[in-house]
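Coordinate inspection notes
What follows is each chain in one-letter form.
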Number of protein chains: 2
Amino acid sequence: MPEFDYIAWLRSRTPADPRVPVGPGDDCAVLAPSGRPLLVTTDLLTDGTDFILSEVGARAAGRKAMAVNLSDIAAMAGVPTAAVVAVALPAGGRSVGEEIYDGIRDVADEFGVAVVGGDTNSWAGALVVAVTLLGEATARGPVLRSGAKPGDWLFVTGPVGGSIRGRHLTPTPRVREALRLHNAVDLHAMIDISDGLAADLNHILEESCCGAVIDAAAVPVHADAVELAKATGKPPLAHALGDGEDFELVFTVSAADGERLLREPPVAGLVKIGECVAAGLWLNEGGGRRPLAPTGWVHEL
Amino acid sequence: MPEFDYIAWLRSRTPADPRVPVGPGDDCAVLAPSGRPLLVTTDLLTDGTDFILSEVGARAAGRKAMAVNLSDIAAMAGVPTAAVVAVALPAGGRSVGEEIYDGIRDVADEFGVAVVGGDTNSWAGALVVAVTLLGEATARGPVLRSGAKPGDWLFVTGPVGGSIRGRHLTPTPRVREALRLHNAVDLHAMIDISDGLAADLNHILEESCCGAVIDAAAVPVHADAVELAKATGKPPLAHALGDGEDFELVFTVSAADGERLLREPPVAGLVKIGECVAAGLWLNEGGGRRPLAPTGWVHEL
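Residues numbered from 1 in each chain as written. Chains lettered and ligands numbered in written order. Predicted model: local features only at pLDDT ≥ 70, side-chain atom pairs only at ≥ 80, totals over all residues. Heavy atoms only, no water.

**Focus on the overall build of chain A**
The helix and strand inventory of chain A stands at nine helices and 12 strands. Computed over C-alpha atoms, the radius of gyration of chain A comes to 20 Å, within 12% of the 19 Å expected from 2.2 N^0.38 for 301 residues, which places it in the range of a compact globule. In chain A, the proportion of contacts linking residues at least 24 apart, taken out of those at least 6 apart, comes to 83%. Accessible surface computed for chain A: about 11200 Å², of which carbon and sulfur atoms make up 52%. Between the averaged position of the 24 positive side-chain charges in chain A and that of its 39 negative side-chain charges there is a distance of 5 Å. (Helix = DSSP H or I, 4+ residues; strand = E, 2+ residues; numbered from the N terminus. Rg over C-alpha atoms; globule rule 2.2 N^0.38 Å. Contact = heavy atoms within 4.5 Å. Areas by Shrake-Rupley, 256 points an atom, 1.4 Å probe, with all protein chains shown as cover. Lys, Arg positive; Asp, Glu negative; His and termini not counted. Charge placed at Lys NZ, Arg CZ, Asp CG, Glu CD.)

**A few points about the environment of Val-79 of chain B**
Residues and elements named next belong to chain B. Among the structural elements, Val-79 can be located in strand β3 (residues 78–90). The sequence separation of Val-79 and Phe-251 amounts to 172 residues, and the corresponding C-alpha distance is 18 Å. Residues in contact with Val-79, not counting those within four places in the same chain, are Ile-73, Gly-135, Glu-136, Thr-138 and Leu-179.

**Some remarks on the pairing of strand β5 (residues 128–137) of chain B**
Residue and element names in this part refer to chain B. Most of β5 is tucked away: 10 of the 10 residues are buried. Relative to β5, strand β2 (residues 38–46) runs antiparallel, the two being bridged by nine bridges. When the bridges of β5 are listed, Thr-46 appears paired with Val-128. Bridge count for β3 against β5 is 10 bridges, and the pairing is antiparallel. Of the residues in β5, the one forming a bridge with Val-85 is Val-131. (Buried < 20%, exposed > 50% of the residue type's maximum accessible area, 1.4 Å probe, protein only. Pairing = 2+ DSSP bridges.)

**Structural notes on the sheet that holds strand β3 (residues 78–90) of chain A**
Taken in spatial order, the five strands of this open sheet run β4(A)-β3(A)-β5(A)-β2(A)-β1(B), and their pairing is mixed. At either end of the open sheet lies a strand with only one pairing partner, and these are β4 (114–123) of chain A together with β1 (29–31) of chain B. Each adjacent strand pair in this sheet contributes to an overall mean axis angle of 20°, direction not counted. The sheet contacts of helix α3 (residues 58–75) of chain A involve β2 (38–46), β3 and β5 (128–137) of chain A, and relative to β2 of chain A the element is tilted by about 145°. (Axes fitted to C-alpha atoms, helices over the stretch in contact; angles between N-to-C directions.)

**Let's talk about the relation of the copies chain B and chain A**
Expressed as a screw transformation, the operator carrying chain B onto chain A has a rotation angle of 180° and an axial translation of 0.0 Å, and the superposed copies differ by an RMSD of 0.0 Å. With respect to symmetry, the two chain copies, as superposed, fit the operation of a two-fold axis. Residues of chain B ranked by C-alpha distance from the rotation axis are headed by Gly-35 of chain B, positioned 2.8 Å from it. The share of interface residues of chain B whose copies in chain A are also at the interface is 100%, consistent with both copies meeting through the same surface. (Least-squares fit on C-alpha atoms with pLDDT ≥ 70 in both.)

**Some remarks on the UniProt feature "binding site: ATP" (unreviewed entry) in chain A**
Residue and element names in this part refer to chain A. Mapped onto this numbering, the UniProt entry gives "binding site: ATP" (unreviewed entry) at Tyr-101, Gly-118, Asp-119, Arg-145 and Ser-194. Sequence-wise these annotated residues cover 94 residues; spatially they are dispersed, their C-alpha atoms as much as 31.6 Å apart. Under the relative-accessibility criterion, Gly-118 is labelled buried at 18%. With respect to the element layout, Arg-145 can be found in the loop between β5 and β6 (153–156). Classification of Arg-145 by relative accessible area gives buried; the value is 13%. (UniProt positions renumbered as here; feature names shortened; annotations may be inferred.)

**What to know about the packing of aromatic side chains**
By the definition in use, this model includes three aromatic pairs over all chains. Ring geometry for Trp-123 of chain A versus Trp-123 of chain B: centroids 6.1 Å apart, planes at 25°, classification stacked. Here Trp-123 of chain A, found in strand β4, pairs with Trp-123 of chain B, found in strand β4 (residues 114–123), and the two come from separate chains. Centroid distance Phe-155 of chain A to Phe-251 of chain A: 5.4 Å. Interplanar angle 10°. Geometry classified as stacked. On the criterion of sequence distance, the pair formed by Phe-155 of chain A in strand β6 and Phe-251 of chain A in strand β9 (residues 249–253) is long-range, its members being 96 residues apart. Judged on exposure class, the residue Phe-155 of chain A and its partner Phe-251 of chain A are both buried. Its end group placed over the ring of Trp-153 of chain A, Lys-272 of chain A keeps NZ or CZ at 3.7 Å from the ring centre. (Phe/Tyr/Trp six-rings, centres within 6.5 Å; stacked < 30°, edge-to-face > 60°. Lys NZ or Arg CZ within 6 Å of the ring centre and 35° of its normal.)

**Thoughts on the confidence of the model for chain A**
For chain A, per-residue confidence averages 89 on the pLDDT scale, and 91% of positions sit at 70 or higher. In the model, residues 1–24 of chain A has pLDDT below 50 throughout and makes 54 contacts with residues more than four positions away in sequence or in other chains. (pLDDT = per-residue confidence, 0-100.)

**Considerations on the UniProt feature "binding site: Mg(2+) 2" (unreviewed entry) in chain A**
Under the feature "binding site: Mg(2+) 2" (unreviewed entry), the UniProt entry names Asp-43 and Asp-72 of chain A. Spanning 30 residues, the annotated positions come together in the fold, the maximum distance between their C-alpha atoms being 9.2 Å. In this fold, Asp-43 of chain A is placed in strand β2. For Asp-43 of chain A, a relative accessible area of 14% puts it in the buried group. Not counting residues up to four positions away in its chain, the partners in contact with Asp-43 of chain A are Val-68, Asn-69, Asp-72, Val-129, Ala-130 and Val-131 of chain A together with Asp-119 of chain B.

So this is what it looks like as structure tokens:
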């Protein structure tokens, strides 16, 4: 396909980076070893599912593709380092390719990520963007989903719900926040909210073999959830618990570390939303505890 | 999208691997550092361009997706280590997802690659598979495209042309061959044949700022090129020079190392096809030298 040499173009625009001794002009990018555990994550976004290209434009699609991958590195409290980008462009999509890359670079530059290679294809289908992001664990190691314990306090890094009103396109991955938290306390388990607060918390619970109770009154409901609730007729809390793509972090720490975070928060926006228990996922509302589905739906008793 | 938890499924099928201290149940895979330079490559394949899903099946698509990435690691004489897989599945594509993964594992297992994570999406479009493969350079370092010098001898690892007759779906990435060659001689420059012998050699020449003369009579023309030529009416050599997706390696070495390779070939199938010169890409045929286009087309003088 002699259409658009994305690599040559990319190469012409990627400034020299000391971490990248060899540029993307070769079959592989070559990265200097760091001696730290390597983090690898990949996210593929499609037109019509993750964004509507005709409405938001390719640059926004590129930004989101990089941001959601950064959010996965943030969830492990890692330092993002380098990315490769694979795209399937709709026919005649040369400018689409350039705009995607500009969007990817917007976010990559903000977080110090070197875009070191990629693969561009033209095809008869709609736009697909797949970013694979590499990162490094800090000296404190990666934070997994599996370390939560009964008695842990449960925190979220910011308000959630209703991201579909527009925020889902321009998430701010909590990379810096995660690193500050990781430095300040012993993070037992962490995840980013992509599927929804309840669903992603449930991933932690499954990996950690424990449960959690969320305090309904404590959940920071985003203004977008309140607005969206007017249209859907659902309670704003249901959107806060069930909506996806907030890209805030949910994490657990010991009660002692939790108290320290409340006393001297290392990052803004932290909210304690509950505690871990032996088993189950529960919502504490009006003094009663009811089972909470990972979809965010509250079972009536 | 609560459709098919590819990660959970993948995890259930990936045997424990000592290089992977943390499984794909987390937001990122975590790989132990090796201290060697890291190689990263990504290739995205689409239904209708790289394979016809309805004709070849998803398992073949998965095999090809892994093989073409392995070929890029081979081109750097690297050791492949771990892969992540991102797919966009057509509606109702659960079995397609499983078959793709089986195909990926067929080839990954053969080359000792751990599949450590992925991202599965369903959408309204056709099948897209993006594999990102990591590898390590050996102690001799990665082989780049940029090291060819005038006077170098030019080799190819096997016969080329006509892969579209079927071979393009089941390439054998020359990973082991590249490592053996790298161990035996000083490889100046290397690339795998994905675009075509002339086109990929031309990438070496561009990166190395030199030229090359190919001996027409020396080019190992694959039987598929001969068969294909009957249908297209083009000379078999034109297919050998111009057809893509052979995934053999083209490389250059000093004349002394070239003689050593002919005397004691460390791998089967090696053919000397020409030599590097100061500039230009040329075909030596019937005693005369004519300019050769990277497309494989021979300019009449």
